[in-house]
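Examining the three-dimensional arrangement
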Amino acid sequence: MDFKLTEEHLMIQAAARDFAQAELLPGVIERDEKQEFPREQIKKMGELGFMGMMVDPKYGGSGLDTISYVLAMEEISKIDASASVVMSVNNSLVCWGLQTFGTEEQKQKYLTRLATGEIIGAFCLSEPEAGSDATSQKTTAIDKGEYYLLNGTKNWITNGSTADIYLVIAQTDVEKRHKGINALIIEKGMPGFEIGPKEQKLGIRGSDTHSLMFTDVKVPKENRIGEDGFGFKFAMKTLSGGRIGIAAQALGIASGAYELALKYSKERKAFGTEICNHQAIAFKLADMAVHIEAARHLCLKAAWDKDNGQNYDISGAMAKLYASQVAMDTTVEAVQVHGGNGYVKEYHVERLMRDAKITQIYEGTSEIQKIVISRAILSQ
């Protein structure tokens, strides 16, 4: 076992850290307050290669491994989870899905622009009655010969209004249930495609989350990903990798909160000494450090599994389940370490606490991760 990062890994980690500090930190509180999408910052992330990290260079990507992606996600999430979720969806769900399962024509048309950040993608699975239960798709894509006729509603879609390309999961044959589901590429501006109002969210408020409505949208057959009926399998395969990205986001939120709490504890004085010298605070910091390190190892193990062709369904689920809990616990404790200052915006930790909660919900709730893990261990 080798726990040492390569020189390339360290370089990518440092580049992501420098970018987050220089480009994302300024204005992050204001963007959160105004629910302002970090458009200019996302554009720069694309220019630096962060929007298509695992995409083959022949399609405009960086050609990096999943470990590099996890390292970069952690550093960016320490500062701005609203930016990192855009990066996660574009990398893990949209780019990876197209590169792995798309046709060469689809890759040339869409992937090359997505990988460079020229355009942004969205992944559309959740519905009003099909969140965790992804098999209950009410959005339909009826086969009309040369095209599919798409009707339905998708909820809680990250990059809902800023995306140019949408990967939409829809039911073509109800009788076949999950074997009758397809994945279709929808372009913004297609007739009958409407974007609903922006959601008012607890956290990741800079990310734009919307409902999408499809009314008799004609989708060309060449926009289907994979064979007829492949959509559900496509969604599940893609989400398995997406969970690694969200696990890394949760890790970043936790480690960002810990670093702020550690720094504050060395500066703030109470009862004649810095509060880090009080056991009550020192032990909080010790617990944070241990749990974050454990979460980091789970994230890197899942990334290693993916890079080495191993099954990463379970390791990804474990990483997301644990890292999201660590994010929630660590941010709550970071607010506590800051005391009254932790409850106001200027110290950042209250925002990180609000951002942490979503990591236990999207791309599979913690309860869904436990279903995935328990089924795997019980089938052994």
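Bear in mind that the values here come from a model prediction, so they are computed numbers and not experimental data. (Residues numbered from 1 in each chain as written. Predicted model: local features only at pLDDT ≥ 70, side-chain atom pairs only at ≥ 80, totals over all residues. Heavy atoms only, no water.)

**Comments concerning the pattern of salt bridges**
Stated formally: When a carboxyl oxygen of Asp or Glu is within 4 Å of a side-chain nitrogen of Lys or Arg, the pair counts as a salt bridge. Think of it this way: any DSSP run of H or I at least four residues long counts as a helix, any run of E at least two long counts as a strand, and we number them from the N terminus. Only protein chains enter the accessibility calculation, which uses a 1.4 Å probe; a residue whose area is less than 20% of its type maximum is buried, one above 50% is exposed, and one in between is partly exposed.
Per the counting criterion, the structure on display carries 18 salt bridges. Asp-32 is paired through a salt bridge with Arg-354; the nearest N and O atoms lie 2.8 Å apart. Here the residue Asp-32 occupies a position in helix H2 (residues 28-34), and Arg-354 occupies one in helix H10 (residues 349-357), the gap between them amounting to 322 residues. Taken individually, Asp-32 and Arg-354 each receive the classification buried, so the pair is uniform in this respect. Put simply, Arg-17, Glu-75, Lys-78 and Glu-259 are held in one network by salt bridges that share partners.

**Some thoughts on the packing of helix H4 (residues 66-79) against helix H8 (residues 279-307)**
Note the cut-off: Lines fitted to C-alpha atoms define the axes here, with helix axes fitted over just the stretch in contact, and angles between the N-to-C directions of these axes take values from 0 to 180 degrees. In these notes the angle categories are as follows: under 35 degrees is roughly parallel, over 145 is roughly antiparallel, 65 to 115 is roughly perpendicular, and the rest is oblique. Throughout, a contact is declared for two residues whenever any of their heavy atoms are within 4.5 Å. Residue polarity is assigned by list, with Asp, Glu, Lys and Arg as charged and Ala, Val, Leu, Ile, Met, Phe, Trp, Tyr, Cys and Pro as nonpolar; anything else, Gly included, falls into the polar class.
One way to put it is that H4 packs onto H8 with a least axis distance of 8 Å and a crossing angle of 150°. Regarding the angle of H4 to H8, the classification is roughly antiparallel. Seen from H4, the contacting residues are Thr-66, Ile-67, Val-70, Leu-71 and Glu-74; seen from H8, they are Arg-296, Cys-299, Leu-300, Ala-303, Trp-304, Lys-306 and Asp-307. For the contact of H4 with H8, the per-class residue count stands at seven nonpolar, one polar and four charged.

**Digging into the UniProt feature "domain: Acyl-CoA dehydrogenase/oxidase N-terminal" (unreviewed entry) in the protein chain**
Here is the rule we go by: UniProt positions are given in the numbering used here, feature names are shortened, and annotations may be inferred rather than shown by experiment.
Look at the UniProt record and you will see "domain: Acyl-CoA dehydrogenase/oxidase N-terminal" (unreviewed entry) annotated at residues 6-118. Between the C-alpha atoms that bound residues 6-118 there is a distance of 29 Å. The span itself is 72% helix and 0% strand.

**Quick look at the domain arrangement of the protein chain**
Our working definition: As annotated, the domain borders come from an automatic or database domain assignment. Buried area: the accessible surface (1.4 Å probe) lost by two parts on joining, summed over both. Under this definition, polar contacts are N or O atom pairs within 3.5 Å; protein pairs additionally need one hydrogen-donor-capable and one acceptor-capable atom, and for neighbouring residues in sequence, both atoms have to be side-chain atoms.
Each assigned domain of the protein chain is listed here: domain 1 (7-120), domain 2 (122-230) and domain 3 (232-379). In this structure, domain 2 and domain 3 have C-alpha centres spaced 30 Å apart. Together, the buried faces of domain 2 and domain 3 total about 1,300 Å²; carbon and sulfur atoms form 78% of this surface. Three residues stand out in domain 2 for area buried against domain 3, namely Leu-202, Ile-204 and Phe-230, and they jointly supply 40% of the buried area on that side. The tally of links between domain 2 and domain 3 comes to zero salt bridges. The tally of links from domain 2 across to domain 3 stands at five residue pairs in polar contact (both at pLDDT 80 or more). Elements with a contribution of two residues or more to the side of domain 2 that touches domain 3: strand E4 (165-171) and strand E5 (181-187).

**Details of the packing of aromatic side chains**
Just so we agree on the cut-off: A pair of aromatic rings is counted whenever rings of Phe, Tyr or Trp (Trp by its six-membered ring) have centres within 6.5 Å, and the orientation is called stacked for planes under 30 degrees apart, edge-to-face for over 60 and tilted otherwise.
The full count for this structure, using the stated rule, is nine aromatic pairs. Ring geometry for Phe-101 versus Phe-234: centroids 5.8 Å apart, planes at 75°, classification edge-to-face. Here Phe-101, found in helix H5 (residues 81-101), pairs with Phe-234, found in helix H7 (residues 231-267); they are 133 residues apart in sequence, far enough to count as distant. Given a relative accessible area of 21%, Phe-101 falls into the partly exposed group. A ring pair is formed by Phe-193 and Phe-214, whose centres lie 4.9 Å apart and whose planes are at 20°; its orientation type is stacked. Of this pair, Phe-193 sits in strand E6 (residues 193-198) while Phe-214 sits in strand E7 (residues 209-220), and the two are 21 residues apart along the sequence. Look at Phe-214 and you get buried, because its relative accessible area is 2%. These aromatic residues form a ring-pair network of at least three members: Trp-96, Phe-101, Phe-123, Phe-230 and Phe-234.

**Some points on the nonpolar core**
To keep it simple, the criterion reads: To qualify as a nonpolar core, a set must consist of buried Ala, Val, Leu, Ile, Met, Phe, Trp, Tyr and Cys residues joined through side-chain atoms within 4.5 Å.
In terms of nonpolar packing, the biggest core is built from 89 residues, with Met-45, Phe-50, Met-87, Leu-98 and Leu-167 touching the most fellow members. Per element, the largest residue contribution to this core is 15 residues, and it comes from H7. With residues up to four places along the chain from it excluded, the contact list for Met-45 reads Phe-19, Phe-50, Met-51, Ile-76, Ala-83 and Met-87.

**Some thoughts on the environment of Leu-184**
One can find Leu-184 in strand E5. The residues contacting Leu-184, other than those within four sequence positions of it, are Ala-141, Tyr-148, Leu-150, Tyr-166, Leu-167, Val-168, Val-219, Asn-223 and Arg-224.

**Brief notes about the environment of Asp-133**
With respect to the helices, strands and loops of the structure, Asp-133 is situated in the loop between strand E1 (121-124) and strand E2 (140-143). On the basis of relative accessibility, which here comes to 40%, the residue Asp-133 falls in the partly exposed class. Considered as a pair, Asp-133 and Ile-368 are 235 residues apart in the sequence and their alpha carbons are 9.2 Å apart. Polar contacts involving the side chain of Asp-133 include one to the side chain of Ser-136, which spans 2.6 Å.

**Focus: the UniProt feature "domain: Acyl-CoA oxidase/dehydrogenase middle" (unreviewed entry) in the protein chain**
Under the UniProt annotation, "domain: Acyl-CoA oxidase/dehydrogenase middle" (unreviewed entry) lies at residues 122-217. When the span residues 122-217 is considered, its composition is 0% helix and 50% strand, and the gap between its end C-alpha atoms is 17 Å.

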